[in-house]
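Commentary on secondary and tertiary structure
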Amino acid sequence: MTANILKLNIFAALKMMLFPMAIITVFWKDQIGLSLSEILLVNVFFSFANLLMEYPSGYVSDRLGYRLSLVIACCFGICGYSVYLIAHGFWQVVGAELLLGVCYAFISGSDNALLFESLRASGRSELYTRADGRMAGFAQIGEAGGALCAGLMYVTYPLLPFMAQIGVWTTALAVALSLKEPVAEKGPHISSHISEALRISRYALTEKKVIRATMCFGLLLGLSSFYPVWLVQPFMQECGVPLTWFGPIWAGANLMVAVCAYNSHKLLDRFGLERIALLFIALIVCAYLGLGLTSMMASFLFYYLLTAMRGLQGPIIRGLLQQRATRHMRASILSLHNLLFRLGYVVSGPVIGWISDSRGIQAAFLALAAGFALLLPLAARNFLKHQRQDPVSSPE
C-alpha cells in the first residue's frame, strides 16, 4: 500500500502531462478552423460524455476496483489522442473529446479513492488531505513539464504534442497495471445496482446536507478556474504575448497550482476553514476583474490568482468529502461531485462562449466576475453553516 502512494503520484503526473493543453485552443482555432463558440461547444461535448459516464464509472470503480477503472481510463486516453492525428474538422475533434471525456470519467474519483484506501490500509487515513495535496502537486508538476516545451513542439510540427501524448498515456497504462487493489471489507448485500446507485445519490444530495453544501461550493470554485483554461490563450494573443511564451506561462500556472496544493493542509491548519473560504472568493473576484479591466502583456498574471485558488481548494474539498464517505461509496461521491461540475459547465459554457464571441473575451471575464461575486458568498455561507453543524468526525 505504501508503494501505491508513490505510484499514484507518478500516475497523477502522467495523467496531467498534457502536451497539447498549452496550445490546444490555438490548435483548434488555427489548424482546425474553429471559432470561440465552437471551441466552447467542443468542451461541452467533452463535458457531456464525462457527465454521462461520471457517476456510473465511479460506481463501477467502487464495485469492481479502482485499479481496473484506471486501466480502462488509460485505454480511452490512448484512443482519444490517436483520433487527433487524423482530425481535420469539428466532428473529428468532437469524437476525440468524447473518448477523452470517458477517459477522465473513469479516472475521476478512482485515483483519490485508491489513495484514501491505501492510506487507510496503512492506518494513516488522517494524512489524506496532505497526501491529496502532494498528489495534486505531482499532477501540476506533470502538466507544467508538458506545457514547458508545448509551444516549441507546436511550432516545429502542430501534431507533435499529440504524438507525445499517446506515449504518455501508454506509460500511464503500465503504471496503472502495477497498482495494488486494497482488500475491501465485505459490503452490504446489493439486490439492484441501480437502486444502490440511486441510494448513494440521495444520501449525498438530500439526506446528508453537509455533503450537498460542500459539493455546491466546490462546484462554483471548480467552474471559476475552468472557464479561463479555454479563454486565457486567445486573451494572451489579443494582448500580444508571443506564442513561444505560451508553454512557459502555462508551466508557471501549473507550478502555482502545485505549490498551493502541496501546502493547502498547512494553510487550512493555520487559518481555518472560514478564512480559507473568504480567501477563495477574494482570489476569484480579483482575478476576473483584473482580466476584464486590463489588456497589457502581463495581464495574464491575474490568471495565476485562479490557479492558486485551484491548488488550495482541491485537496480541501476532496478531503471533506472523503471523510464523510464509506468504502463502498467513496469513488461514487467524488464522481457525483465531478458530475455536478460537468453539468454546470454544460449549462453555462455555451453562454460564456457566446459572450466571448459577441462582446469580447474581456466582457466575458467581467460577466464572470459579477456572477461569482453574487453566487460565491451565498454558497460559502451555506457551506460553512453545515460544516459547523456537522463537523468532521474521525475518518474511517
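In what follows, the structure referred to is the one given above.
Residues numbered from 1 in each chain as written. Predicted model: local features only at pLDDT ≥ 70, side-chain atom pairs only at ≥ 80, totals over all residues. Heavy atoms only, no water.

1. Description of a positive patch on the surface
A surface patch of like charges, here positive, comprises K209, R212, R381 and K385. Going through the elements one at a time, α11 (209-238) and α16 (361-389) are the ones with two or more residues in the positive patch. Mapped onto the elements, K209 comes out in helix α11. Classification of K209 by relative accessible area gives partly exposed; the value is 46%. (Patch = residues over 30% accessible without salt bridge, like charges linked within 9 Å, V, L, I, M, F, W, Y side chains within 5 Å. Areas by Shrake-Rupley, 256 points an atom, 1.4 Å probe, with all protein chains shown as cover. Salt bridge = Lys/Arg side-chain N within 4 Å of Asp/Glu carboxyl O. Lys, Arg positive; Asp, Glu negative; His and termini not counted. Charge placed at Lys NZ, Arg CZ, Asp CG, Glu CD. Helix = DSSP H or I, 4+ residues; strand = E, 2+ residues; numbered from the N terminus. Buried < 20%, exposed > 50% of the residue type's maximum accessible area, 1.4 Å probe, protein only.)

2. Observations concerning the pattern of salt bridges
Applying the stated criterion across every chain yields a total of 5 salt bridges. R120 is the partner of E117 in a salt bridge, and the nearest nitrogen-oxygen pair spans 3.2 Å. In this pair, E117 and R120 both sit in helix α6 (residues 110-121), 3 residues apart, roughly one turn of the helix. E117 sits in the buried class, given a relative accessible area of 3%. Assessed through its relative accessible area of 23%, R120 is described here as partly exposed. Across the pair D132 and R318 runs a salt bridge, and its minimum N-O distance is 2.7 Å. With D132 in helix α7 (residues 128-148) and R318 in helix α14 (residues 303-322), the pair connects residues that are 186 residues apart, well separated along the chain. Residue D132 is classed as buried on the basis of its relative accessible area of 1%.

3. Quick look at the packing of aromatic side chains
In this description, a pair of aromatic rings is defined by centroid distance and the angle of the planes. According to the stated counting rule, one finds 21 aromatic pairs in the structure shown. With a centroid separation of 4.9 Å and an interplanar angle of 25 degrees, the aromatic rings of F217 and F383 are classed as stacked. Taken together, the positions of F217 in helix α11 and F383 in helix α16 put the pair 166 residues apart, joining distant regions of the chain. Under the relative-accessibility criterion, F383 is labelled buried at 1%. Among the aromatic side chains, those forming a connected cluster through ring pairs are F226, Y227, F235, Y288, F341, Y345, F365 and F372. (Phe/Tyr/Trp six-rings, centres within 6.5 Å; stacked < 30°, edge-to-face > 60°.)

4. Quick word on the nonpolar core
F27, W28, Y84, F217 and I333 are the most contacted members of the largest nonpolar core, which has 139 residues in total. It is α11 that contributes the most residues to this core, 16 residues altogether. In this structure W28 touches G33, L34, I39, V42, N43, Y84, V93, E97 and W230, once residues within four positions along its chain are discounted. (Core = buried A, V, L, I, M, F, W, Y, C linked by side-chain atoms within 4.5 Å. Contact = heavy atoms within 4.5 Å.)

5. Topic: the environment of M21
Among the structural elements, M21 can be located in the loop between α1 (2-15) and α2 (24-32). On the accessibility criterion, M21 (15% relative accessible area) is buried. Sequence separation of M21 and W230 is 209 residues, and the distance between their C-alpha atoms is 9.5 Å. If we ignore the near neighbours within four places in the chain, the residues touching M21 are E143, V229, W230, Q233 and W250.

6. Concerning the environment of I281
Among the secondary structure elements, I281 is positioned in helix α13 (residues 264-293). Setting aside anything within four residues of it in sequence, one finds I281 in contact with L376, P377 and A380.

7. Quick notes on the state of the cysteines
Scanning all chains against the criterion turns up 0 disulfides. Among the cysteines around C75, which has no disulfide bond, C74 carries the closest sulfur, lying 6.9 Å off. (Disulfide = S-S within 2.5 Å.)

8. A closer look at the environment of L267
Looking at the element boundaries, L267 is found in helix α13. By relative accessible area, L267 is classed as partly exposed at 26%. Here L267 is in contact with G272, I276 and L312, once residues within four sequence places are set aside.

9. Some details on the packing of α11 against helix α12 (residues 246-262)
Across the interface, α11 lies against α12 with an axial gap of 12 Å and an inter-helix angle of 140 degrees. As the angle between them shows, α11 and α12 are arranged oblique. Between α11 and α12 lies a crossing whose hand is right-handed. In this structure, α11 contributes V229, V232, Q233, M236 and Q237 to the contact, and α12 contributes F246, I249 and W250. Looking at the contact of α11 with α12 residue by residue, the classes come out as 6 nonpolar, 2 polar and no charged. (Axes fitted to C-alpha atoms, helices over the stretch in contact; angles between N-to-C directions. Parallel < 35°, antiparallel > 145°, perpendicular 65-115°, else oblique. Left-handed = near helix turned anticlockwise from the far one by under 90°. Nonpolar A, V, L, I, M, F, W, Y, C, P; charged D, E, K, R; others polar.)

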